[in-house]
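# A look at the structure
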Amino acid sequence: MAGKTVSEKIFDAHHVDNPAGDMHVISLDAVFCHEITTPVAINDLAARGKDRVFDPEKIMVVIDHVTPAKDSKTAMQGKILRDWARRNGIPRFFDVGRNGVCHALFPEKGFVRPGYTVIMGDSHTCTHGAFGAFAAGVGTTDLEVGILKGVCAFRYPGTMKIVVNGKLSPGVYAKDLILHIIGKIGVNGATDRVIEFAGPVIDEMSMESRMTLCNMAVEVGATSGICYPDETTVEYLWPFIRDEYDSPDAALADCRKWLPDPDAAYETVMAIDASEIPPLTTFGYRPDNVRPVSEMEKTPVDQVYIGSCTNGRIEDLRVAANVLAEKKIADTVRGIVSPATPGIFNQALAEGIIQTFMDAGFCVTNPTCGACLGMSCGVIAEGEVCASTTNRNFYGRMGKGGMVHLMSPATAAATALAGYITNSNLYNG
Amino acid sequence: MDQTTNHFSGSVLFLDRNDINTDEIIPAKYLTEISKEALKPYLLEDLDLPGFDPDTDLAGRRAIVTRANFGCGSSREHAPWALEANGIRMVIAGSFARIFRQNMFNCGMLAVELPADVIESLFAGFSGSETTVTADLESGLLHFSANGKTEEIPFSISEFDRALVKAGGWLEFADNKY
């Protein structure tokens, strides 16, 4: 009998029921909630006389999509979430001032561990697979059942393994790698599957880069993207797990039980040579419309946005600030940067990065998802073009009738300086 | 009346495109609504499909026939809710994105996958005419008709999906069981 993939191991360790066919009901280690997809579940539970949660310690809650509230409707969404967290005794609730983009904030707080099962009413929940977890975006009904019962149903997922060899070139980052993969396999190339990212390039990546990679697994339809837990994972999590293990080595040994078996059966295995990947961007309304920056060179942009659950972490801000240092963005461009969490904002302040952005002419916003999905803090007008470090270039995504070009923080920063899409290596020495 | 049969019947809206995403089905700016009915006027407002006008093309529709990867992108269950608020409780597609498909069944609605060549034949045979479809879950047949022309297309959904439809959704199913 063949060995198991990471997600097969996680599913088997969390097995609750097999109601029919290949559907498996699994227990959940964490249920994440935000103010856009949770209020309807909260109201429905209350209407059914079931205003309770399966375990307040396993539910983490944040207001992040529109924050601070921009109008009466978004204020009410926040209030429903806030009141619910209070009356159900949920201790981990992050309100204005302490809140940030969910998929940056929750990892930073140490809420995700190797082998965990995580759901959230947000498609980019796959980000947390960077920690060797099975983390999946779900709709509000799945979220509601997760809140009430602590379980969720999934098809037993087949796994696609992507082995990344070689070395990323200067000016090429995790964002370019995932855009390359999306361009190669297409927007439904991994529907209903889990992707395991493996190989030397992934082994050398920081947790931030791994999160960027796993974040966009859903853009090929994948249920979750997974990186193998290793020294880098343990080092990141050590402040949160130090009471549970005698040493980082002991933690690492424990994490290894979530590695795939050597004879695990994969549906597909794909090898990628990272050395061949240039800086990339998108050109249409689908994330698999990917082209080298060189072919999009001189495409004028009206706005540059650096932030989001894909690329709003400290590493991203450092890379962008390095490009921007002692330069001014083009007069024709509006630059907006949203550090993804208060922790990242503080770190960027301490390192002088916020100053660099402001000196260059950027507007610095509070941590929020806002602009990425055209809700607040940087919506673009009809006919406008935004160079963005976010994850979706859908028609109307950042504002009705607008065009979005997805790219890395380095390319976005260079584009802000030039006023048109260009390669960051021109500015990076 | 057998609810599971007659719940999925009526006029068909043909959407001739792959990869219609949930931002197109219901733009994010309307996600500040906290009632499903409030989404009704905004269904498919941002659909990138030449010739389509939501103001005139949605009235009276009860089902959608479309191509591959319908419902990709955001996990927002507001997409099936906006469909349901407009009376559309069935989508027939070449394929679906996972979360959207699950959301449909979780709401007790029907997401039917058919092979690409069958979808192609439906577009070729029916998309130019006012068409109705009825899904019969017991016999596993879709009955299409337009201008006196009829066609029966076999379909299948999994035992689990059928159980969700019969229960009225995942919450109803799970609440009794777990």
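Residues numbered from 1 in each chain as written. Chains lettered and ligands numbered in written order. Predicted model: local features only at pLDDT ≥ 70, side-chain atom pairs only at ≥ 80, totals over all residues. Heavy atoms only, no water.

### Description of the overall build of chain A
When you go through chain A residue by residue, the secondary structure sums to 16 helices and 19 strands. Relative to the compact-globule value of 22 Å for 429 residues, chain A shows a C-alpha radius of gyration of 21 Å, a close match. Taken over the C-alpha atoms alone, chain A extends approximately 60 × 50 × 40 Å along its principal axes. By residue count, 64% of the 429 residues in chain A fall in the buried class. (Helix = DSSP H or I, 4+ residues; strand = E, 2+ residues; numbered from the N terminus. Rg over C-alpha atoms; globule rule 2.2 N^0.38 Å. Buried < 20%, exposed > 50% of the residue type's maximum accessible area, 1.4 Å probe, protein only.)

### A short note on the interface of chain B and chain A
Residue-level contacts link 42 residues of chain B with 54 residues of chain A. Of the roughly 4,000 Å² buried between chain B and chain A, counting both surfaces, carbon and sulfur atoms make up 57%. Three residues, R98(B), L171(B) and Y178(B), lead the burial of chain B against chain A; their summed loss comes to 19% of the area buried on that side. Run the count over chain B and chain A and you get 9 salt bridges. Between K400(A) and D46(B) there is a salt bridge whose closest N-O contact spans 2.5 Å. Where chain B meets chain A, there are 22 residue pairs in polar contact (both at pLDDT 80 or more). (Contact = heavy atoms within 4.5 Å. Buried area = accessible area lost by both parts, 1.4 Å probe. Salt bridge = Lys/Arg side-chain N within 4 Å of Asp/Glu carboxyl O. Polar contact = N/O pair within 3.5 Å; in protein donor to acceptor, adjacent residues only side chain to side chain.)

### Examining helix α10 (residues 248-255) of chain A
Residue pairs three or four apart in sequence face the same way in an α-helix, which turns once every 3.6 residues. Residue and element names in this part refer to chain A. Residues A251, L252 and C255 constitute the buried set of α10. With its buried residues spanning 100° around the axis, α10 presents them on a single face. On its buried face, α10 is in contact with α9 (231-241). (Arc of directions from axis to C-beta.)

### Some details on the side chain of T356(A)
Within the secondary structure layout, T356(A) lies in helix α15 (residues 353-360). Discounting chain neighbours no more than four positions away, the residues touching T356(A) are A321(A), L324(A) and A325(A).

### Notes on the pairing of strand β18 (residues 385-388) of chain A
Walk down a regular strand and you will see the side chains alternate between the two sheet faces. All names here are of chain A. Where burial is concerned, the two faces of β18 agree: the one with V385 and A387 and the one with C386 and S388 are both buried. Taken together, the 4 bridges between β18 and strand β19 (residues 403-406) define a ladder with parallel strand orientation. Across the sheet, the residue bridging to A387 is H405, located in β19. (Pairing = 2+ DSSP bridges.)

### A closer look at the pattern of salt bridges
In total, this model carries 35 salt bridges over all chains according to the counting rule given. For the salt bridge of E219(A) with R392(A), the shortest nitrogen-to-oxygen distance reads 3.1 Å. Linking E219(A) in the loop between α8 (207-215) and β11 (224-227) with R392(A) in the loop between β18 and β19, this pair joins segments that are 173 residues apart in sequence. Assessed through its relative accessible area of 1%, R392(A) is described here as buried. The residue E138(B) makes a salt bridge to K166(B) at a minimum N-O spacing of 3.7 Å. Of this pair, E138(B) sits in the loop between β5 (132-136) and β6 (141-146) while K166(B) is found in helix α7 (residues 159-167), placing the two residues 28 residues apart along the sequence.

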